[in-house]
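# Per-entry structural report
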Amino acid sequence: DGVKALKVDDTPLPKSKNLDVLSEYEKSKGKKSASFVVVGHVDAGKSTLMGRLLLDLNVVDQRTIERYRKEAEQMGKSSFALAWVLDQRTEERSRGVTIDIATNRFETESTSFTILDAPGHRDFIPNMIAGASQADFAILVIDASTGSFESGLKGQTREHSLLIRSMGVSRVIVAVNKLDTVGWSQERFDEITHQVSGFLSATGFQLKNISFVPVSGLLGDNLVNKSTDPAASWYTGETMIKELENSEPMTRALDKPLRLTISEVFRSAQSPLTISGRIDAGSLQAGDALLVQPSGEKAYVKSLELDSEAVDWAVAGQNVVIHLSNIDPIHVRVGDIVCDPKAPVNCIDTFTIKALAFDILMPMQVDVHRGRMWAAGQIVQMPATLDKVKGTILKKNPKIVKPASVARVVVKMSSKVPLEAGQRVVLRSNGDTVAAGLLE
Ligand code: GDP
């Protein structure tokens, strides 16, 4: 079953405190933690909005912003200053050693937030897939300015909404952005709310899980502070940050066998082999034996860290740094899965998914994405198209599957990768998403 014998090694195994991690977790439960992705059409204002949110929460200081503003002005692009906040943070992070470069965090009084996949990266979709597969909810940014909303709906708004839904995200906060450009027209807001609700519910979101906030990311209206513009006084709902705080994180699979996808591998003072990633399911503690797939090699947890602090244990939903021992670093790569050796994830090269088609599907070459992992593959068979709601078979062995239909699709990959039922994968071809769905 792919589990190899422990590599003989002179290093003594790390000691375990044999804690009952789940009861420790119950006792320690502090601040709520939640994670989200930010999606929307290019230029909808995603980076500006997040930059402004962080500024208004005092996560970044005014001086830093001023510096960006000066630099941006010299380039004749003063409005880019806010968007640079996120880019700059990403750059600073990539020079550090201990933090997952893809995670941006901030805290409010009630909640500790992680922004998965800060927007603005060049090849955005693979990052978004990785982010959305771990997100508790999404912020969908819509450009309310005249004409832009209409072109956005035809553009990436649709692909992003389908993608996040296929990746299991069920709650969406819609930021109806740039309302300053239409004089805070309530009519415009209502029209967009109406159209986007219809569109999102057709994509499979429940209306009770969608909320709309009229905002100006550039000016900061209704993000952390209520708009003081008299033209915006008709809005009596919550601010963006309140909507974020009111969103319940998804239930974590704490009592399941351990699953963690590695997002970083590096050397640290504590160990020649340190990894980081988010625990998707289960829990772990210092001294635990782990299995790394696809190599099938065992490793031990020497020590672990949450937010740069040493801890005894960690549970599903947390981003953890793990110092490993008793394993050769050549067996460990970004995208690998760390699991419980007693209930490991197996490596397979062929799988069946219940897929939502974004494009026409037929026997074809595809790239398979699961979180940060990707592999080359091929659609080898399409046993049936299915009813979207009931899941019953509509047609057996269709020659092609049309966009927006659901089908059972068999994919064969060029190598064995760790995959199991219940995981969500995305199929892409020539840089476009062609399908996404759940492994059967
Ligand atoms: P992204 O591609 O979605 O990350 O979009 P950006 O954050 O880079 O914003 C695109 C452009 O829209 C920039 O020129 C911003 O200054 C502008 N912009 C963003 N938010 C607002 C807003 O609330 N009001 C106005 N007037 N302009 C905005």
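Residues numbered from 1 in each chain as written. Predicted model: local features only at pLDDT ≥ 70, side-chain atom pairs only at ≥ 80, totals over all residues. Heavy atoms only, no water.

A few words on a nonpolar patch on the surface. Taken together, the side chains of Ile360, Met362 and Ile400 make up a nonpolar region of the molecular surface, amounting to roughly 230 Å² of accessible area. With respect to the helices, strands and loops of the structure, Met362 is situated in the loop between β16 (347-357) and β17 (365-370). Residue class for Met362 comes out partly exposed when judged on its relative accessible area of 37%. (Patch = residues over 30% accessible without salt bridge, like charges linked within 9 Å, V, L, I, M, F, W, Y side chains within 5 Å. Areas by Shrake-Rupley, 256 points an atom, 1.4 Å probe, with all protein chains shown as cover. Salt bridge = Lys/Arg side-chain N within 4 Å of Asp/Glu carboxyl O. Helix = DSSP H or I, 4+ residues; strand = E, 2+ residues; numbered from the N terminus. Buried < 20%, exposed > 50% of the residue type's maximum accessible area, 1.4 Å probe, protein only.)

A few words now on unusual backbone geometry. Cis geometry marks the peptide bond from Gln293 to Pro294, where omega comes out at 15°. Tracing the backbone through its elements, the reader meets Pro294 in the loop between β10 (289-293) and β11 (297-306). Notably, Asn18 is not glycine yet its phi reads approximately 45°, a positive angle. With respect to the helices and strands, the residue Asn18 is situated in the segment before α1 (21-28). Residue classification places Asn18 among the exposed residues on the basis of a relative accessible area of 65%. The phi angle at Ser308 is positive, at roughly 65°, despite the residue not being glycine.

With that settled, consider helix α7 (residues 156-166). What α7 keeps buried is the set Thr157, His160, Ser161, Leu162, Leu163, Ile164 and Ser166. One or two steps after α7, the chain reaches Gly168, where phi turns positive at roughly 95°.

Our focus in this paragraph is the state of the cysteines. Using the criterion set out here, one finds zero disulfides in the structure. Here Cys339 stays free of any disulfide, with the sulfur of Cys347 as its closest cysteine sulfur at 8.3 Å. (Disulfide = S-S within 2.5 Å.)

On to helix α2 (residues 46-56). Of all eleven residues in α2, eleven are buried, a share of seventy percent or more. Listed as buried for α2 are Lys46, Ser47, Thr48, Leu49, Met50, Gly51, Arg52, Leu53, Leu54, Leu55 and Asp56. One or two positions beyond α2, positive phi appears at Asn58, with a value near 60°.

Using the criterion set out here, one finds six aromatic pairs in the structure. Here Phe189 and Trp234 contribute two aromatic rings whose centre-to-centre distance is 5.4 Å and whose plane-to-plane angle is 40°, an arrangement assigned as tilted. Here the residue Phe189 occupies a position in helix α8 (residues 186-203), and Trp234 occupies one in the loop between β6 (210-214) and α9 (240-246), the gap between them amounting to 45 residues. Judged by its relative accessible area of 8%, Phe189 falls in the buried class. Geometrically, the ring pair formed by Trp234 and Tyr235 is edge-to-face, given 6.2 Å between the ring centres and 80° between the ring planes. A residue is classified by how much of its surface remains accessible, and Trp234, at 22% relative accessible area, is partly exposed. Under the relative-accessibility criterion, Tyr235 is labelled buried at 12%. The rings of Phe36, Phe113 and Phe137 are connected pair by pair, giving a single aromatic cluster. One Lys or Arg, Arg165, reaches over the ring of Phe205 and ends 5.5 Å from the middle of that ring. (Phe/Tyr/Trp six-rings, centres within 6.5 Å; stacked < 30°, edge-to-face > 60°. Lys NZ or Arg CZ within 6 Å of the ring centre and 35° of its normal.)

On to the pattern of salt bridges, then. Enumeration over the complete set of coordinates arrives at 13 salt bridges. Between Lys17 and Asp312 there is a salt bridge, with its nearest N and O atoms 3.0 Å apart. Taken as a pair, Lys17 in the segment before α1 and Asp312 in the loop between β12 (309-311) and β13 (313-315) lie far apart in primary sequence, 295 residues in all. Judged by its relative accessible area of 57%, Lys17 falls in the exposed class. One salt bridge connects Lys242 with Glu245, and the closest N-O pair in it is separated by 3.6 Å. With a gap of three residues between them, Lys242 and Glu245 both fall in helix α9, about one helical turn apart. Since its relative accessible area comes to 38%, Lys242 is described here as partly exposed.

Let us now look at the site of the ligand. In the region of the ligand, 17 residues are neighbours, and Asp43, Lys46, Ser47, Thr48 and Asp180 sit closest. At 3.0 Å from an oxygen atom of the ligand is found a side-chain nitrogen or oxygen belonging to Lys178. Ser216 has a polar side-chain atom sitting 3.2 Å from an oxygen atom of the ligand. When isolated, the ligand has an accessible area of 580 Å², and the protein chains bury 83% of it. When residues in the shell around the ligand are grouped by element, the largest group, three residues, is from α2. Its residues assigned to classes, the shell around the ligand comprises four nonpolar, nine polar and four charged. (Near = heavy atom within 4 Å. Polar contact = N/O pair within 3.5 Å; in protein donor to acceptor, adjacent residues only side chain to side chain. Nonpolar A, V, L, I, M, F, W, Y, C, P; charged D, E, K, R; others polar.)

Ranked by internal contacts, the top residues of the largest apolar core, which has 39 residues, are Leu140, Ile164, Val174, Val176, Val196 and Leu200. Of all the secondary-structure elements, those providing two or more residues to this core are β1 (32-40), α5 (124-132), β4 (137-143), α7, β5 (172-177), α8, β6 and β18 (373-386). With sequence-adjacent residues up to four places away left out, Leu200 is seen in contact with Leu140, Ser161, Val174, Phe205 and Ile210. Residues Leu258, Ala314, Val320 and Ile327 belong to the second largest nonpolar core, which totals 27 residues. (Core = buried A, V, L, I, M, F, W, Y, C linked by side-chain atoms within 4.5 Å. Contact = heavy atoms within 4.5 Å.)

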